[in-house]
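For reference, the chains in residue letters:
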Amino acid sequence: MSRRFVRLGAVPVWSASFPPLELRPAPRTGRHHRLVLLLEGEATITSGRRQVPLHTGDFYYDDGSRPHEIRTGPIRAAGTAVPEALLPLPRDDAARVTGHRIPGGDCAGPPLARFLTQVTRNTGVYRPADGPRLGTVLGSLVAALLARAAEPDAVPPARTPLTARITAYIQQHLGERELTPHRIAATHGISLSYLHRLFEAESETVAAFIRRRRLERARFDLADPAQAGTPVHTISARWGFARATDFARAFRAAYGLTPGDFRRRSYGPYGPYGSYGSCGRIAT
């Protein structure tokens, strides 16, 4: 068996080749989102009466809490275990796909597969501070895959050209506190009620869209080791939050952690700048 391992902040990633094997991993305590990508070969995972056949290119997801059995031929695989606190995804969405096969060709599958394979292949180019940043990116890719798998028949409606322009405008002006639905409507020459109707197809209000995007930007900055010395209130103000308390409340509601707790957990056990090998630590 050959194995390569890298830790991206608090998020481990591995790739390995295995001979034919039969395993019965013990259930684990603690909430981690474990995702495996089968790069070559075939496998079957049995949990209770449920059997899940896996083929090359498939993902398999579970939270590690259920007993299961793994049987394989010769395989090559890659995987990760994202702590629940670092996965920007509602718990119910993840629960719907626990113990399921996820086809790798769907939506976020190809970019996630490339990330998992490349991050363990070229570890020599990374600096320790890169780890938490890449861990944040990986968590977002895993969340995108699981969210899509949780709603396999959901086809997002096509955006109108006007809606596309409005969402692009919002992205460009996220850091401005004056970015409000009234301003957006006036800038684009439409009524406020028509703006709200446009966003009915987005499954969230204009204000919710702005808040979610601001939180995503702030979350990325909090996980960036290069910004470890930047106060939380400075980051929240940068992304348009007038009061730090409002930001902290919204962040906790979205991610289940205070901004400070999220920042500490995203760096992993080695702190914001890691220690020797924290991003490029390899076992073969």
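One can find the structure itself at the top, above this paragraph.
The model shown is predicted, which means the values in this text are computed figures rather than measured ones.

Draft legend 1. The nonpolar core, seen in detail. By size, the foremost hydrophobic cluster in this structure holds 60 residues, and its most contacted members are F59, L112, L138, L146, I166, I170 and I184. Dropping the residues within four chain positions of it, L112 is found in contact with L35, F59, L138, L141, V142 and L145.

Draft legend 2. Representation of the packing of aromatic side chains within the structure. The final tally for this structure, using the stated rule, is 6 aromatic pairs. Geometrically, the ring pair formed by F199 and F209 is edge-to-face, given 5.6 Å between the ring centres and 65° between the ring planes. Here F209 lies in helix α7 (residues 206–222) and F199 lies in helix α6 (residues 192–200), a separation of 10 residues in the sequence. Each member of the pair, F199 together with F209, is buried. One aromatic cluster is present, built from ring pairs that chain together F241, F247, F251, Y255 and F262. Looking at R219, its charged tip hangs above the ring of Y255, at a distance of 5.3 Å from the centre.

Draft legend 3. Here's a closer look at α6. When we look at burial in α6, the residues that qualify are L195, L198 and F199. All buried residues of α6 fall inside an arc of 95° around its axis, so they share one side. Next to the buried residues of α6 lie α4 (161–172), α5 (181–187) and α7.

Draft legend 4. Up close: the sheet that holds strand β3 (residues 21–23). The 4 strands lie next to each other as β3-β8-β5-β6, forming an open sheet whose pairing is antiparallel. If you trace the sheet from one side to the other, it starts and ends with β3 and β6 (50–54), each paired once. Taking each pair of neighbouring strands and ignoring which way they run, the sheet shows an average axis angle of 15°. Relative to strand β8 (residues 69–72), strand β5 (residues 43–47) runs antiparallel, the two being bridged by 4 bridges. Directly across from T44, in β8, lies its bridge partner R71.

Draft legend 5. The arrangement of the packing of α4 against α7 in detail. Contact geometry of α4 with α7 gives a least axis separation of 10 Å together with a crossing angle of 45°. When the interaxial angle is binned, α4 and α7 end up oblique. Where α4 crosses over α7, the two elements pack in a sense that is right-handed. Contacts between α4 and α7 involve T167, I170 and Q171 on the former and, on the latter, V206, F209, I210, R213 and R217. Class assignment of the residues belonging to the contact of α4 with α7 gives a composition of 4 nonpolar, 2 polar and 2 charged.

Draft legend 6. Geometry of the pairing of strand β9 (residues 75–83). Burial analysis of β9 places 8 of its 9 residues in the buried class, the great majority of the element. Note that strand β4 (residues 32–40) and β9 share 8 bridges and pair antiparallel. Within the sheet, the bridge partner assigned to H32 lies in β9 and is P83.

Rules used throughout
Residues numbered from 1 in each chain as written. Predicted model: local features only at pLDDT ≥ 70, side-chain atom pairs only at ≥ 80, totals over all residues. Heavy atoms only, no water. Core = buried A, V, L, I, M, F, W, Y, C linked by side-chain atoms within 4.5 Å. Buried < 20%, exposed > 50% of the residue type's maximum accessible area, 1.4 Å probe, protein only. Contact = heavy atoms within 4.5 Å. Phe/Tyr/Trp six-rings, centres within 6.5 Å; stacked < 30°, edge-to-face > 60°. Helix = DSSP H or I, 4+ residues; strand = E, 2+ residues; numbered from the N terminus. Lys NZ or Arg CZ within 6 Å of the ring centre and 35° of its normal. Arc of directions from axis to C-beta. Pairing = 2+ DSSP bridges. Axes fitted to C-alpha atoms, helices over the stretch in contact; angles between N-to-C directions. Parallel < 35°, antiparallel > 145°, perpendicular 65-115°, else oblique. Left-handed = near helix turned anticlockwise from the far one by under 90°. Nonpolar A, V, L, I, M, F, W, Y, C, P; charged D, E, K, R; others polar.

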